[in-house]
Amino acid sequence: MSIKNLEFSTIAPPKVSRNAMNTKTRARSKFIAAVVNQIGAVEAAISGKSFAVQKVRRITGEDGSHRQVSHDVQVRPWWFLQGDVFYLAPKYANQPLTLGANKSKPTVVCGKSLSDVAATLNTVKAAAEAGELDGVLEAQAITARKRMTKK
């Protein structure tokens with residue numbers, strides 16, 4: 001077959017960009033991924049192990065060549081112990097996220113054990129998957145994008 005036998009067109013391929021997915025869907029998927037990491041960290045803490053996720057970083061060598069290197073990153077827990085009760089302070093884009101209707105109460109009371117924290121995180125994950133948190137997540141994503149945009 002020769003190039004002369006091919007049929008050509010003026011139609012350009014679609015551009016794939018960060019905005020191909022809408023803000024609500026992207027924020028929901030990022031939040032659910034973060035909650036899954038938190039659940040893994042809680043389960044590791046219950047069993048007495050450490051928990052880290054693999055991140056890929058691109059580095060430039062001395063000769064100017066680029067390569068990708070994976071490394072472990074510790075997950076910063078969203079939960080904390082105050083007195084004898086565990087609390088959960090969910091975050092999006094490293095900022096506190098208020099899930100409830102009362103904006104003055106940004107933390108969730110979990111219970112007296114780490115298994116209660118895991119149950120609370122599973123509830124938050126189910127709510128995010130059902131779309132109950134879309135409004136809050138979308139607003140936080142827009143705010144984060146404004147904060148990170150060059151001025």
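For the structure itself, look to the data block above.
Residues numbered from 1 in each chain as written. Predicted model: local features only at pLDDT ≥ 70, side-chain atom pairs only at ≥ 80, totals over all residues. Heavy atoms only, no water.

Given a rise of 1.5 Å per residue, 15 residues ought to cover 21 Å, and the 21 Å separating the end C-alpha atoms of helix α3 (residues 134–148) matches this to within 8%. The set of residues buried in α3 consists of D134, L137, Q140, A141 and A144. Along the long axis of α3, the arc covered by the buried residues comes to 130°, so they all point the same way. Turned more than 90 degrees from where α3 packs its buried face, G135 and K146 sit exposed. (Helix = DSSP H or I, 4+ residues; strand = E, 2+ residues; numbered from the N terminus. Expected span 1.5 Å × (residues − 1). Buried < 20%, exposed > 50% of the residue type's maximum accessible area, 1.4 Å probe, protein only. Arc of directions from axis to C-beta.)

Right, let's talk about the environment of R28 for a bit. When you line up the elements, R28 lands in helix α1 (residues 23–47). Separated by 102 residues in the primary sequence, R28 and A130 have C-alpha atoms spaced 9.9 Å apart. Setting aside residues up to four positions removed in sequence, R28 forms contacts with A128, G131, D134 and L137. A polar contact is formed between the side chain of R28 and the side chain of D134, at a distance of 2.5 Å. (Contact = heavy atoms within 4.5 Å. Polar contact = N/O pair within 3.5 Å; in protein donor to acceptor, adjacent residues only side chain to side chain.)

Quick look at the sheet that holds strand β4 (residues 85–88) now. Pairing is antiparallel across the open sheet formed by three strands, whose spatial order is β3-β4-β7. What marks the edges here is a single partner per strand, and that holds for β3 (79–82) and β7 (108–111). Across the sheet, the mean angle separating the axes of adjacent strands is 35° when strand polarity is ignored. Pairing of β4 with β7, which is carried by three bridges, proceeds in the antiparallel orientation. Bridged to Y87 within β7 is V109. (Pairing = 2+ DSSP bridges. Axes fitted to C-alpha atoms, helices over the stretch in contact; angles between N-to-C directions.)

Residues I3, L6 and F8 make up a contiguous nonpolar surface patch of about 350 Å² in total accessible area. Tracing the chain through its elements places L6 in the segment before α1. With a relative accessible area of 42%, L6 lands in the partly exposed category. (Patch = residues over 30% accessible without salt bridge, like charges linked within 9 Å, V, L, I, M, F, W, Y side chains within 5 Å. Areas by Shrake-Rupley, 256 points an atom, 1.4 Å probe, with all protein chains shown as cover. Salt bridge = Lys/Arg side-chain N within 4 Å of Asp/Glu carboxyl O.)

Bringing the packing of aromatic side chains into the picture now. Each aromatic ring pair is summarised here by two numbers: the centre-to-centre distance and the angle between the ring planes. Evaluated as defined, the whole model comprises two aromatic pairs. Taken together, a centroid distance of 5.8 Å and an interplanar angle of 20° make the contact between F31 and W78 stacked. Of this pair, F31 sits in helix α1 while W78 sits in the loop between β2 (66–74) and β3, and the two are 47 residues apart along the sequence. For the pair formed by F31 and W78, the shared burial category is buried. Measuring from centroid to centroid gives 5.6 Å for F80 and Y87, while their planes differ by 20°, and the two rings are stacked. With a relative accessible area of 31%, F80 lands in the partly exposed category. (Phe/Tyr/Trp six-rings, centres within 6.5 Å; stacked < 30°, edge-to-face > 60°.)

Relative orientation of the contacting elements α1 and α3 amounts to 95°, with a least axis distance of 8 Å. Compared by their axis directions, α1 and α3 come out roughly perpendicular. Facing α1, whose interface residues are T23, K24, R26, A27, R28 and F31, α3 presents D134, L137, E138, A141, I142 and R145. Tallied by class, the residues present in the contact of α1 with α3 amount to five nonpolar, one polar and six charged. (Parallel < 35°, antiparallel > 145°, perpendicular 65-115°, else oblique. Nonpolar A, V, L, I, M, F, W, Y, C, P; charged D, E, K, R; others polar.)

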